[in-house]
Amino acid sequence: MTTVGHRPLDGFEDNDQKPIGHGRMLRKEDPRFIRGMGRYCDDVQLPGMLHMAVLRSPVAHARIVSIDTSAAEAHPKVKAVVTGAALAEKGLAWMPTLSGDVQAVLATDKVRFQGQEVAFVVAEDRYAARDALELIDVEYDVLEPVIDVRKALDPAAPVIRDDLEGKQNNHCFDWETGDAEATEAVFASADVVVSEDIVYPRVHPAPMETCGCVADYDRVEGRLTLWSTSQAPHAHRTLYAIVAGLPEHKIRVISPDLGGGFGGKVPIYPGYVCAIVGSIVTGKPVKWMEDRSENLTSTGFARDYIMRGEIAATRDGRILAVRTNVLADHGAFNGVAAPVKYPAGFFGVFTGSYDLQAAYCKMTAVFTNKAPGGVAYACSFRITEAVYLIERIVDCLAYELQMDPIELRIKNFIQPDQFPYRTQTGWVYDSGDYEPTMRKAMEIAGYDELREEQARRRAQGELMGIGVSFFTEAVGAGPRKDMDILGLGMADGCELRVHPTGKAVVRLSVQSQGQGHETTFAQIVAEEIGIPPADIDVVHGDTDQTPFGLGTYGSRSTPVSGAAAALVARKVRDKARLIASGMLEVSVADLEWEKGSFHVKGDPAKCVTIQDIAMRAHGAGDLPEGVEGGLEAQICYNPENLTYPHGAYICVVDIDPGTAQVKVRRFIAVDDCGTRINPMIIEGQVHGGLTDGVGMALMEMIAFDEDGNCLGGSLMDYLIPTSLEVPDWETGFTVTPSPHHPIGAKGVGESATVGSPPAIVNAVLDALKPFGIRHADMPLTPSRVWDAMRGVPRPPI
Amino acid sequence: MRVSMTVNGEEITREIEGRLLLVHFLRDHLSLTGTHWGCDTSNCGTCVVWLDGEPVKSCTVLAAMAGGHEVRTVEGLERDGELDPVQQGFMECHGLQCGFCTPGMLMTARALLDRNPSPSEAEIREAISGQICRCTGYATIVRSVRWAAAREAADSETTGSMS
Ligand code: FES
Ligand code: FES
C-alpha cells in the first residue's frame with residue numbers, strides 16, 4: 001500500500017500529533033554542535049601527546065633505492081622516524097584491505113601511486129613533525145606509470161603489483177552476472193538496440209573533516225585506545241586485532257563525533273596503523289590528522305567505471321533487456337569496501353526499476369598507479385554507477401524512440417503486484433509502487449507546463465533542459481548467509497536498558513557521521529516502548545560501550561541497526577508486560593498496550609506506566625514467577641533481505657549558450673524510503689545527497705595527468721558545490737513500507753546521491769537536444785558542455 | 001614571540017612561534033576546538049572566526065597578526081547563557097548535520113545579520129559562499145538564517161513597543 005504525501009515547500013510536516021515516537025523532532029545532538037562543543041578526533045588532547053606526519057611519494061610509480069632519515073632523527077623535537085623497512089621487521093609493512101587484497105602501510109619495495117605512504121615522523125608538535133618530513137631524503141628510481149586504464153592490460157604495460165607472487169599483468173578480477181546467452185538472444189531479435197559509452201569518473205567523498213586518529217598505547221596493561229575517524233569502530237577493532245596481533249579485548253576503538261564520512265571513513269588507512277605503531281614505539285599518545293591534499297590524494301576514491309551500456313526494446317518502447325561491459329579502475333591496491341562475495345558491490349541492480357526479460361553484465365577490474373579505494377561514496381556499494389548506467393541508457397533509448405522519458409519509464413516499471421520481484425540478475429526487491437512516486441514528482445514539478453515552457457524557450461534559442469531519473473536502491477547490507485566483510489557477518493547488535501526511574505539507554509553498533517542517530521534511534525525506541533526520546537540516551541561509537549556490529553555505510557543504519565533497536569525495545573516491552581500482569585493481577589492476555597502503559601482490557605483506569613514497571617523491575621516486592629529483576633535486553637539483528645528504497649527525480653537546467661555554464665534551476669526529489677521516522681532528518685539527508693549529485697554531475701573529478709600526478713589534490717582543484725551552485729530543493733515523498741523490516745523503514749541516507757546525477761545529466765542532454773547530442777560524460781563543466789555543443793563531446797578519461 | 005589579544009572578551013597572552021596559524025593557536029593553545037580546520041587552501045571556511053568583528057578564515061591569519069586585536073569564536077556566541085538566535089535557528093531548521101562546518105557558518109551568519117537584519121535568500125547564499133558544507137545542501141542553512149532574522153525582527157518589535 002502506498003500513501004502519497006506532499007510537504008509544502010517552506011515547512012515541515014508536523015509531528016503527526018504523536019507525543020513520542022516517529023515524527024519531526026529537533027536533534028538531540030545539536031545543542032553541543034551549535035556551541036562548538038562537538039568532540040571530533042582532532043579535538044582530543046591527551047597529556048604528553050605527540051604528533052605524527054606522513055611522508056608521501058611525489059611520484060606515481062618508482063622503486064625505492066634508499067631512504068636516509070638521519071637528519072630528521074637529529075631534529076630536536078623529533079621522537080621517532082619510521083620507514084617501511086622498520087615496519088617490515090615487525091611484520092607490519094603490509095595490511096589486508098577490505099576486499100582481500102593487501103596494501104602497503106609504508107612502502108618497502110616500490111611506491112605505486114602519488115601520495116603513497118613512505119615514512120612517518122613523530123614529534124612534539126604538528127609543525128615540527130612537518131618540518132622533519134622535509135629532512136628525510138628518499139632516492140627513487142622512477143618507473144613508467146600505468147595511468148590510462150584502457151591500456152592497463154596491454155601486454156607491454158609495466159606490472160604494478162609485482163609484490164604478488166607470480167603476477168605478470170595488471171589484472172585485478174573479472175566478474176559477471178546475469179545470463180549472457182539469453183540476453184544475446186533478446187538483443188538479436190529486438191526492434192531497437194541502443195548502445196552508448198558511459199564514464200563515471202573518479203570522485204572523492206571529501207568529508208569536511210579529514211581522516212585521523214589519536215592512538216594511546218598503554219605499555220603496562222598492553223591496552224590500546226584509539227580515537228579514530230571510523231564509520232565502523234567494531235569492524236576496525238577486529239581488524240586491528242588481526243593485523244597487529246593485539247588481543248581484541250585490549251583494544252578500544254572510539255569514534256567520536258565525525259565531520260562527515262560518506263563512505264570515506266570505512267576503510268582502515270595506513271595512517272591509523274602508523275599512529276598505533278608510533279604510540280607503541282614512543283610510549284606516548286600520538287595524534288595524526290591528514291591534511292586536505294592527503295585526504296584527496298590517498299584515501300578511498302569512489303566510482304571510476306568505464307561502462308558500455310546497451311539496451312534492447314520494441315519500437316513502441318517496451319524495454320526487453322540491458323547489457324553492460326565495465327572496465328573498472330581499482331588503483332594500486334584493491335581497496336574496495338564491499339561484502340566479500342560482491343567484488344563489484346551491488347552493481348548487479350543495474351536492471352533498475354524495470355521489468356526486463358534478460359540482463360547481463362561483464363566486468364574487468366584492473367590495477368593502475370592511482371590511489372586505492374572504491375569506497376561506497378554515499379552509495380550502497382556501486383549502486384550509484386548502476387543507477388547512472390540504466391537511467392542514462394534509458395534516456396538514450398527515449399532519444400532514439402523520440403518518446404517522452406517519463407512515459408517510457410512508466411511503461412516499463414515493475415508493477416506493484418509483482419513484488420517481491422526477482423530481477424534478471426537475482427536481486428529480490430522487497431516492495432515498491434513506482435508510478436505514484438513518479439506522478440508525485442511530475443505534479444510538484446508541473447511537468448507538462450515545464451515542457452510547454454521549454455518549447456517556447458527553444459523557439460527563442462534558449463537552452464532549457466528537463467531531466468528525469470527513477471531509481472531503486474539496494475541498501476541495508478545484509479543477510480549474513482551471503483554477506484560478510486573479511487569474514488564478519490553484516491549484522492548489528494543493540495542493547496537497551498531501562499533504569500529504575502524509567503529513563504533508558506540504548507547502545508548501538510552503528511556510528512553517526514552527521515545522520516542524527518542520537519535522535520532517530522531514540523525515536524525508534526520511544527515509539528516501541530513509550531518512553532519519551534528526551535529520556536532515552538543513545539550511546540554509539542565506542543567499542544567498550546556498545547555491542548558488536550558492522551557500522552554505518554551503505555545506508556544500513558536504519559535498515560539494520562534501526563530494526564535491531566525496534567526489536568530490542570519490543571523484547572523489553574514483552575518483559576514489561578509480564579511484570580505488569582503481576583502488578584495488575586491479571587493474565588498477560590488481559591493486558592492492552594497503549595504507548596507508554598499497560599491497562600486491563602476494558603478498564604483503562606487500571607493501568608501501570610512503563611516507568612512504574614521499571615521501578616518494580618528493579619525494586620523490592622515480588623515479581624511474577626520466573627521473571628528476573630531488571631528491565632533490559634540485547635539482540636543481534638540479521639536482516640533477512642536488503643531493503644529497496646526508490647525515488648523519482650526531476651531536474652530543470654538552463655545552459656548559457658555563450659559560456660556553456662549549466663545552472664540547476666529547480667530540482668524535485670520524491671523519495672520513498674518506507675516508514676519515515678523523522679521527516680526533518682530525512683529531508684536533510686536528501687538535500688545533502690542532491691548536492692553531491694550536482695557536484696558529481698557538473699563539477700567534481702579526481703583527474704590525473706599522464707605521469708600520474710593527481711590533479712584534484714586540493715579544494716581549489718576538486719570543486720565541491722557551494723551555496724551558489726545549488727537551488728532550493730523541492731522534496732516530496734511516498735511511503736511503501738518494507739515488508740520484512742520490523743517498522744517498515746528502508747533507509748534514505750544515500751538515495752539522493754544515487755538518484756540525482758542521472759537526472760542532472762539527463763537534463764543537460766535534454767537542453768542540448770537541438771545540437772543532436774545524445775550523450776556527454778560527467779563532469780559537465782562549461783568546457784565539456786561547450787565541446788558537446790560543438791558536436792565533439794569527449795570522455796573525461 | 002609573545003602575543004596578546006582578546007578572545008571572546010578575555011585578555012590572553014601566550015608565547016608562540018611566529019609562524020603559528022590563528023586556527024591552531026585557538027585550537028591547540030587555547031583549547032577552543034569549536035573552530036575547525038578543513039583544508040590547505042583557504043577554501044572550506046570551517047575555520048571562520050571574527051577578527052575585530054569581521055569574519056576571517058583563521059587558517060589564513062597568523063596568530064601574531066591577531067595580536068592587539070579582538071577575536072570572537074563560536075564559543076563566544078552564547079551570551080549570559082542565552083543562545084544567539086542564529087544558533088537557535090540552526091537547531092530549529094536543521095541547518096547542520098555533522099556540525100563540522102557549523103561554527104564557521106554561524107559566525108558568518110551572525111556577521112551578516114548584524115549588517116543586514118533582513119537578508120534575502122540570494123544575500124544569504126552569497127554570504128556563505130566561501131564556506132563548504134558537505135552535508136546539508138545549504139537550503140536548511142538559508143532557512144536557519146532566515147529563522148534567526150525573523151526572530152530578531154519579532155524581538156525588536158516587542159522591545160520597541162515596550163519602550
Ligand atoms: S581551514 Fe579551510 S578555509 Fe580555513
Ligand atoms: S554539517 Fe557537515 S559539513 Fe556542514
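Residues numbered from 1 in each chain as written. Chains lettered and ligands numbered in written order. Predicted model: local features only at pLDDT ≥ 70, side-chain atom pairs only at ≥ 80, totals over all residues. Heavy atoms only, no water.

A. Main features of the interface of chain B and chain A. With 49 residues of chain B at the interface, the matching set in chain A holds 64 residues. When chain B packs against chain A, close to 4600 Å² is buried across both sides, 53% of that on carbon and sulfur atoms. Taken as a group, His94, Arg134 and Arg143 of chain B account for 18% of the area that chain B buries against chain A, more than any other trio of residues on that side. For the pair chain B and chain A, the interface holds seven salt bridges. Residue arginine 143 of chain B is joined to glutamate 683 of chain A by a salt bridge in which the shortest nitrogen-to-oxygen separation is 3.1 Å. There are 28 residue pairs in polar contact (both at pLDDT 80 or more) connecting chain B and chain A. Those elements that provide at least two residues to the side of chain B that touches chain A are α1 (22–29), α2 (85–92), α3 (102–115), α4 (121–127) and α5 (139–162) of chain B. Ranked by the residues each element gives to the side of chain B that touches chain A, the list is headed by α2 of chain B, at four residues. (Contact = heavy atoms within 4.5 Å. Buried area = accessible area lost by both parts, 1.4 Å probe. Salt bridge = Lys/Arg side-chain N within 4 Å of Asp/Glu carboxyl O. Polar contact = N/O pair within 3.5 Å; in protein donor to acceptor, adjacent residues only side chain to side chain. Helix = DSSP H or I, 4+ residues; strand = E, 2+ residues; numbered from the N terminus.)

B. Region of interest: helix α15 (residues 610–618) of chain A. Residues and elements named next belong to chain A. Listing the buried residues of α15 in full gives Ile610, Ile613, Ala614 and Ala617. With its buried residues spanning 105° around the axis, α15 presents them on a single face. In this structure, the buried residues of α15 make contact with β24 (492–498), α13 (517–529), α14 (557–584), β28 (597–600) and β29 (603–609). (Buried < 20%, exposed > 50% of the residue type's maximum accessible area, 1.4 Å probe, protein only. Arc of directions from axis to C-beta.)

C. Region of interest: the packing of aromatic side chains. Residues and elements named next belong to chain A. Overall, the coordinates contain 24 aromatic pairs over all chains when judged by the stated rule. Relative to phenylalanine 346, the ring of tyrosine 342 has its centre 5.4 Å away and its plane inclined at 75°; by these criteria the two rings are edge-to-face. The residues tyrosine 342 and phenylalanine 346 share a single accessibility class, namely buried. Between tyrosine 342 and tryptophan 427 the ring centres are 5.8 Å apart and the planes differ by 50°, which places this aromatic pair in the tilted class. (Phe/Tyr/Trp six-rings, centres within 6.5 Å; stacked < 30°, edge-to-face > 60°.)

D. Looking closely at the sheet that holds strand β12 (residues 212–218) of chain A. Residues and elements named next belong to chain A. The sheet built from seven strands is open, its strands ordered β4-β8-β2-β15-β12-β13-β14 with mixed pairing. The strands lining the two open edges of the sheet, one partner per strand, are β4 (78–83) and β14 (251–254). Pairs of neighbouring strands in the sheet enclose a mean axial angle of 20°, with direction left out of account. Bridge count for β12 against strand β13 (residues 223–228) is six bridges, and the pairing is antiparallel. Looking across to β13, one finds that cysteine 213 is bridged to serine 228. On top of the sheet, helix α4 (residues 126–134) reaches β2 (50–56), β4, β8 (117–123) and β15 (286–289); it is set at about 30° to β2, its chief contact. Against the sheet, helix α7 (residues 270–282) engages β2, β4, β8, β12, β13 and β15, with an angle of about 30° to β12. (Pairing = 2+ DSSP bridges. Axes fitted to C-alpha atoms, helices over the stretch in contact; angles between N-to-C directions.)

E. Structural context of the nonpolar core. Residue and element names in this part refer to chain A. Phe346, Phe347, Met438, Ile650 and Leu698 are the most contacted members of the largest nonpolar core, which has 223 residues in total. Looking at which element gives the most residues to this core, the answer is helix α9 (residues 383–401), with twelve residues. Excluding anything up to four places from it in sequence, isoleucine 650 contacts Ile406, Met438, Ala441, Met442, Ala445, Tyr447, Ile466, Gly467, Val468, Arg666, Phe667 and Ile668. One finds Val538, Leu591, Phe598 and Leu631 within the second-largest nonpolar core, a separate group that totals 45 residues. (Core = buried A, V, L, I, M, F, W, Y, C linked by side-chain atoms within 4.5 Å.)

F. Quick peek at helix α17 (residues 751–767) of chain A. The end-to-end C-alpha distance of α17 of chain A, which contains 17 residues, comes to 25 Å, matching closely the 24 Å that a straight helix rising 1.5 Å per residue would cover. Among the 17 residues in α17 of chain A, 17 count as buried, and that is most of the element. (Expected span 1.5 Å × (residues − 1).)

G. Geometry of the environment of lysine 341 of chain A. As for its position among the elements, lysine 341 of chain A is in the loop between β17 (319–329) and β18 (358–366). Lysine 341 of chain A sits 359 residues away from glutamate 700 of chain A along the chain, and the two C-alpha atoms are 30 Å apart.

H. Here's a closer look at the side chain of threonine 691 of chain A. Mapping threonine 691 of chain A onto the fold places it in helix α16 (residues 679–699). Leave out the neighbours within four places in its chain, and threonine 691 of chain A touches Pro721, Val726 and Trp729 of chain A together with Gly137 and Tyr138 of chain B.

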